[in-house]
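Working through the structure, step by step
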Amino acid sequence: MQHQQSDEELIKRFTEGDERSFVLLMRRHKDPITNFAFRFLGNYDDAIDIAQETFLRVYRFGHTYAGDVKFTTWLYTIASNLSKSELKRYRRKFGSSLQTTFRRSDDDPSWDVPDETYRPDERVDNTTIAQSVQSALMKVSPTYREMIILRDLQQMSYEEIAEVTNTELGTVKSRINRGRAQLQELLRGLYAELYPEQQ
Amino acid sequence: MNTSAFDSDSFLREHLPSVRATDEFEGTVLALAALHRLPNAASPEDLEAVVVRRGRRSRRLRIALYGTLGLGLLSLVTYVLTLQMQPGEFPASHVVQPVPSLVIPSEVTPPAEVTPIDPVIMQRVEARFKKPAQAAPPAHGVAGY
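Residues numbered from 1 in each chain as written. Chains lettered and ligands numbered in written order. Predicted model: local features only at pLDDT ≥ 70, side-chain atom pairs only at ≥ 80, totals over all residues. Heavy atoms only, no water.

Regarding the overall build of chain A
If you tally the helices and strands in chain A, you get nine helices and zero strands. Its helices and strands taken in sequence order, chain A reads α-α-α-α-α-α-α-α-α from the N to the C terminus. Counting only residues that meet the buried cut, chain A has 51% of its 199 residues in that class. A separation threshold of at least 6 residues defines the contact pool for chain A, and within that pool the share at least 24 residues apart is 62%. Within the structure as shown, chain A displays about 9,900 Å² of accessible surface, and the carbon and sulfur contribution to it stands at 48%. (Helix = DSSP H or I, 4+ residues; strand = E, 2+ residues; numbered from the N terminus. Buried < 20%, exposed > 50% of the residue type's maximum accessible area, 1.4 Å probe, protein only. Contact = heavy atoms within 4.5 Å. Areas by Shrake-Rupley, 256 points an atom, 1.4 Å probe, with all protein chains shown as cover.)

This is the structure we're talking about:
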C-alpha cells in the first residue's frame, strides 16, 4: 500500500522546491477550505476567491510555516483571516444597512452584525433544507458562526479552533454553545417540521 | 498586442513547468503564483495573461500586480482592464478583443464542492414539500347531489 504523505511532509517538500507537493496540498484541501469560506460568507464566488487566495498565500509564504502547529491549523488560520477581512469589506460596502445588532455578547468586543448578503446559490444548496440551514447560519453572529463551522462542519477539535481563531479554549467552548443556541432558535420551526414526533 | 496568438498552456509551462492544473481553481492559483514569480519587467505575453481574465478575477489580479510589476505597467494594465470591462464607452478600435482563457481547460471540471447536507434529511424535507397526489374525480358526480 502506498504511503500517503502527511501535510507536514508535503509543505516541507514544497519549501525545498518541489512544486508538485504544493499542488497535492491544494488538491487535498481546496474543497474543505472552499466549504469553510462558503459557510462563513454565504457566497460561492467569494468563497472560491478566498480559497484561491488562501493557497496563493501558502505558495508565497510557505517558507514561514514553522511546523509548531498542524498544517491544517495554519491553513485555516489564513482562510479565517481572509474570510473575516472579506466580511469587513462587505460591511464597508453595504454600510449602515447591516448595522442592526442581532445580539451583543458579554465576552465579544465586536458588534455581532447579522450578515444579510447571503443569496441562495442553486449550484450548491439546491434543496429547501440546505438553503434553510445556510440561511439560518448566516444570521448567527460571525464570531459564533466561524466557530460553529470549524467545529460542527469541519470537525476540528476545540484546541485547534482556539489556535486558528487565536482565542482562549474556554471562550471557544462558550461561543460554540452560544452559537448553537442561536442556530437552534433560528431552526426551531424547521426542526418541528422535520421531526414532528419529537415535539 | 496580438491576443489571438496567446497560448494559455504555454504560460504555465514556461513559468511553472513542473506542475499541471486539472481544473480552473488550480489553474487560477498557479497562474497567480506564476505572476508573483515574474521579474519586474513583464513581457507582452505575460501582460496578456493578466488581462485575459475579467470581471471578478480582475480585482485580484490587479492586487497581485501591485506586488509584481512596476507602477507604470500597473497603470497600463488598469487602463486595458477598464477598456475590457466597459467596451461601449471607448472607440471600437481601442477595445481589446476577447482572448482565450488563460487556464480554463477545454473540458471544464466542476468547481470545488461544499459538503452536502445529509441525504436522509434532504429526502425527508423533499417528501414534506412534495404535493400530495390528487384523488381521481368521482366517475358519476358527487354523492348527495
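Considering the overall build of chain B
Per the secondary structure count, chain B includes six helices and zero strands. Along its sequence from the N terminus, chain B presents helices and strands in the succession α-α-α-α-α-α. Across chain B, contacts joining residues at least 24 apart in sequence account for 65% of those joining residues at least 6 apart. A total of about 9,000 Å² of accessible surface is found on chain B, and carbon and sulfur atoms cover 58% of it.

Observations concerning the nonpolar core
Residues A:Phe22, A:Phe55, A:Val58 and A:Phe71 are the most contacted members of the largest nonpolar core, which totals 62 residues. No other element matches the ten residues that helix α2 (residues 19-41) of chain A contributes to this core. (Core = buried A, V, L, I, M, F, W, Y, C linked by side-chain atoms within 4.5 Å.)

Some points on the side chain of A:Thr72
All names here are of chain A. Following the sequence through the fold, Thr72 ends up in helix α4 (residues 71-94). For Thr72, a relative accessible area of 14% gives the class buried. Those residues in contact with Thr72 that lie beyond four places of it in its chain are Asp7, His29, Met156 and Glu160.

Topic: the packing of aromatic side chains
All names here are of chain A. Counted under the stated rule, the structure contains ten aromatic pairs over all chains. A ring pair is formed by Phe36 and Tyr76, whose centres lie 5.8 Å apart and whose planes are at 80°; its orientation type is edge-to-face. Taken together, the residues Phe36 in helix α2 and Tyr76 in helix α4 connect sequence positions 40 residues apart. Judged by relative accessible area, Phe36 falls into the buried class, the value being 1%. Judged by its relative accessible area of 7%, Tyr76 falls in the buried class. Joined through ring pairs, the aromatic side chains of Phe14, Phe22 and Tyr59 make up one cluster. Above the face of the Phe40 ring, Arg145 is positioned so that its terminal group lies 5.0 Å from the ring centre. Across from the ring centre of Tyr158, 5.6 Å away, lies the NZ or CZ of Lys173, which sits over that ring. (Phe/Tyr/Trp six-rings, centres within 6.5 Å; stacked < 30°, edge-to-face > 60°. Lys NZ or Arg CZ within 6 Å of the ring centre and 35° of its normal.)

Regarding the packing of α2(A) against helix α6 (residues 142-153) of chain A
All names here are of chain A. One way to put it is that α2 packs onto α6 with a least axis distance of 9 Å and a crossing angle of 145°. Judged by the sense of rotation from one axis to the other, the crossing of α2 with α6 is right-handed. Across the interface between the two elements, Phe36, Arg39 and Phe40 of α2 pack against Pro142, Arg145, Glu146, Ile149, Leu150 and Leu153 of α6. Its residues assigned to classes, the contact of α2 with α6 shows six nonpolar, no polar and three charged. (Axes fitted to C-alpha atoms, helices over the stretch in contact; angles between N-to-C directions. Left-handed = near helix turned anticlockwise from the far one by under 90°. Nonpolar A, V, L, I, M, F, W, Y, C, P; charged D, E, K, R; others polar.)

Purely geometric numbers; function is a separate question.
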